[in-house]
Amino acid sequence: MSTSFQISRILLCILVMAVVTYLPRVLPLAVFRKKIVNRWVCSFLAYMPYAVLAAMTFPEVFYSTQGPISAIVGCAAALLLAFFRRSLLTVAAGGALAVFLTEWVLRMIA
């Protein structure tokens with residue numbers, strides 16, 4: 001491949017990525033000019049970032065440890081801390097600590 005073809009392909013990829021990133025941010029501003037008053041739509045839009053974040057991170061919880069037992073214990077600890085409304089830092093640290101301790105105990109037993 002020639003160098004000019006590679007450069008034009010890279011620029012085309014950058015342009016496509018810019019458009020794909022820019023459209024979801026601009027379209028709501030262009031489409032919805034008035035304030036949204038529908039309660040269902042407002043609640044849907046309010047919870048959407050949390051749902052997307054959970055869908056992206058939750059499956060990885062079970063593949064990021066040495067085994068399924070420590071993953072389940074860490075997930076349960078994090079869910080328990082979150083249920084009692086602890087801060088995000090406390091939930092993350094508590095889940096990681098539970099995984100660490102579980103793997104340490106399992107390593108000592110084996």
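Residues numbered from 1 in each chain as written. Predicted model: local features only at pLDDT ≥ 70, side-chain atom pairs only at ≥ 80, totals over all residues. Heavy atoms only, no water.

Draft legend 1. Looking closely at the packing of aromatic side chains. All chains considered together, the criterion is met by three aromatic pairs. Look at Trp 40 and Phe 44: their rings are 5.5 Å apart centre to centre, the planes differ by 10 degrees, and that puts the pair in the stacked class. Residue Trp 40 and its partner Phe 44 are both found in helix α2 (residues 39-61); the two are separated by four residues, about one turn of the helix. Take Trp 40: its relative accessible area is 61%, and that puts it in the exposed class. Of the residues examined, Phe 44 reaches a relative accessible area of 39% and is grouped as partly exposed. Note on Phe 58 and Phe 62: the rings are 5.3 Å apart at their centroids and 80 degrees apart in plane angle, and the pair reads as edge-to-face. By relative accessible area, Phe 62 is classed as partly exposed at 32%. (Phe/Tyr/Trp six-rings, centres within 6.5 Å; stacked < 30°, edge-to-face > 60°. Helix = DSSP H or I, 4+ residues; strand = E, 2+ residues; numbered from the N terminus. Buried < 20%, exposed > 50% of the residue type's maximum accessible area, 1.4 Å probe, protein only.)

Draft legend 2. Focus on a nonpolar patch on the surface. On the surface, Ile 69, Val 73, Leu 97, Phe 100, Leu 101, Trp 104, Val 105, Leu 106, Met 108 and Ile 109 cluster together into a nonpolar patch covering about 990 Å² of accessible area. When contributions to the nonpolar patch are tallied by element, the ones reaching two or more residues are α3 (68-83) and α4 (88-109). A per-element tally of the nonpolar patch places α4 first, with eight residues. Overall, Met 108 belongs to the exposed group, its relative accessible area being 55%. (Patch = residues over 30% accessible without salt bridge, like charges linked within 9 Å, V, L, I, M, F, W, Y side chains within 5 Å. Areas by Shrake-Rupley, 256 points an atom, 1.4 Å probe, with all protein chains shown as cover. Salt bridge = Lys/Arg side-chain N within 4 Å of Asp/Glu carboxyl O.)

Draft legend 3. Region of the structure containing the UniProt feature "transmembrane region" (unreviewed entry) in the protein. Under the present numbering, the feature "transmembrane region" (unreviewed entry) in UniProt falls on residues 6-24, 36-55, 61-81 and 88-106. Across residues 61-81, the secondary structure splits into 71% helix and 0% strand, with the terminal C-alpha atoms separated by 16 Å. (UniProt positions renumbered as here; feature names shortened; annotations may be inferred.)

Draft legend 4. The environment of Leu 97, seen in detail. Take Leu 97: it is sitting in helix α4. Remark: the alpha-carbon pair of Leu 97 and Gly 74, spanning 23 residues in sequence, is separated by 7.6 Å.

Draft legend 5. Structural detail: the side chain of Glu 103. The topology assignment puts Glu 103 in helix α4. It turns out Glu 103 is buried and unbridged, and the closest side chain with the opposite charge, Arg 107, is 4.5 Å from it. Separated by 2.8 Å, the side chain of Glu 103 and the backbone nitrogen of Gln 66 make a polar contact. Residues in contact with Glu 103, not counting those within four places in the same chain, are Thr 65, Gln 66, Gly 67 and Ser 70. (Lys, Arg positive; Asp, Glu negative; His and termini not counted. Polar contact = N/O pair within 3.5 Å; in protein donor to acceptor, adjacent residues only side chain to side chain. Contact = heavy atoms within 4.5 Å.)

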